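Geometric and topological summary
Take a look at the letters that make up each chain.
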Amino acid sequence: MIDDTLLEAEEKMGKAIEVAREDFATIRTGRANPALFNKIVVEYYGSYTPVNQLASFQTPDPRLIVLSPFDKSSMAAIERAIRDSDLGVNPSNDGSVIRVPLPPLSEERRREFVKLAKTKAEDARVSIRSVRRHAKEALDRLAKDGDAGEDEVARAEKQLEALTKKHTDAVDDLLKHKETELLEV
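Keep in mind that this is a model prediction, so the values were computed, not measured.

Further remarks concern the nonpolar core. Residues Ile 2, Phe 24, Leu 139 and Leu 160 are the most contacted members of the largest nonpolar core, which totals 29 residues. A total of 10 residues in this core trace back to one element, the largest contributor, which is helix α3 (residues 107–145). If sequence neighbours within four positions are ignored, Phe 24 has contacts with Ala 117, Lys 120, Ala 121, Val 171, Leu 174, Leu 175 and Lys 178. Core analysis: the second largest hydrophobic core is formed by 20 residues, Val 42, Val 51, Leu 87 and Leu 102 among them.

Dropping the structure here:
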């Protein structure tokens, strides 16, 4: 029972790190990256569909992303969704592809993105701590119900704390990497 609780907690903490990694990928840096479009959805035949399912991406140079829609009739909707997103870009289409030039980031905009990254990192840490709290409650219930001894539960709680520290340190490393990526000119 204790091992199951710890394993489940580790899996959930790992998922929180993956979510943080995906969130960091959507934050724009100075380079063109197709992951910027992961959170953008387009209304396509009455349902909302992610852009990355409607087009292929190419990055011919560091400041340009070229989208090739699979269905040419969806070009206007994709272009509108990108323009209305919070990326701050102005796409243009030539009838067959959509070009998205990425303007250089100003120092002020870089600082805003660093703040956004810190917010997303804190969300991940909160999620990890929430998983820890639920696992600790489950361990306490095991001890209270007599399903596990107090020594076993105390040892498991130490393992849980080590897991929590390992995963919050991983989030901090991701944040530090993203900050240096954002602040390099």
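There is more to say after this.
To describe two helices that pack against each other, one gives the angle between their axes and the distance between the axes. It is the contact of α3 with helix α4 (residues 150–183), at a shortest axis distance of 10 Å, that shows an interaxial angle of 170°. One finds that α3 runs roughly antiparallel with respect to α4. Residues belonging to the contact of α3 with α4 are distributed by class as follows: 16 nonpolar, 3 polar and 13 charged.

Turning next to the pattern of salt bridges. Evaluated as defined, the whole model comprises 14 salt bridges. In this structure, Asp 94 and Arg 99 form a salt bridge, with 3.4 Å as the shortest nitrogen-oxygen distance. Its relative accessible area of 36% is what places Arg 99 among the partly exposed residues. One connected set of salt bridges, linked through shared partners, spans Glu 122, Arg 125, Arg 129 and Asp 172.

On domain assignment, one finds that the protein holds domain 1 (1–27 + 106–183) and domain 2 (34–101). Between the C-alpha centres of domain 1 and domain 2 there is a distance of 33 Å. Listed per partner, the contact involves 5 residues of domain 1 and 6 residues of domain 2. Of the roughly 430 Å² buried between domain 1 and domain 2 on both sides combined, carbon and sulfur atoms contribute 51%.

With that out of the way, let us pick up the packing of aromatic side chains. Counted under the stated rule, the structure contains 1 aromatic pair. Seen from their ring centres, Tyr 44 and Tyr 45 are 4.7 Å apart, and the 70° between their planes marks the pair as edge-to-face.

By the secondary structure assignment, Lys 120 is in helix α3. Of the residues examined, Lys 120 reaches a relative accessible area of 22% and is grouped as partly exposed. Separated by 99 residues in the primary sequence, Lys 120 and Arg 21 place their C-alpha atoms 9.5 Å from one another. Residue contacts for Lys 120: discarding those within four places in its chain leaves Asp 23, Phe 24 and Ile 27.

Rules used in this analysis
- Residues numbered from 1 in each chain as written.
- Predicted model: local features only at pLDDT ≥ 70, side-chain atom pairs only at ≥ 80, totals over all residues.
- Heavy atoms only, no water.
- Core = buried A, V, L, I, M, F, W, Y, C linked by side-chain atoms within 4.5 Å.
- Buried < 20%, exposed > 50% of the residue type's maximum accessible area, 1.4 Å probe, protein only.
- Helix = DSSP H or I, 4+ residues; strand = E, 2+ residues; numbered from the N terminus.
- Contact = heavy atoms within 4.5 Å.
- Axes fitted to C-alpha atoms, helices over the stretch in contact; angles between N-to-C directions.
- Parallel < 35°, antiparallel > 145°, perpendicular 65-115°, else oblique.
- Nonpolar A, V, L, I, M, F, W, Y, C, P; charged D, E, K, R; others polar.
- Salt bridge = Lys/Arg side-chain N within 4 Å of Asp/Glu carboxyl O.
- Domains from an automatic or database assignment.
- Buried area = accessible area lost by both parts, 1.4 Å probe.
- Phe/Tyr/Trp six-rings, centres within 6.5 Å; stacked < 30°, edge-to-face > 60°.

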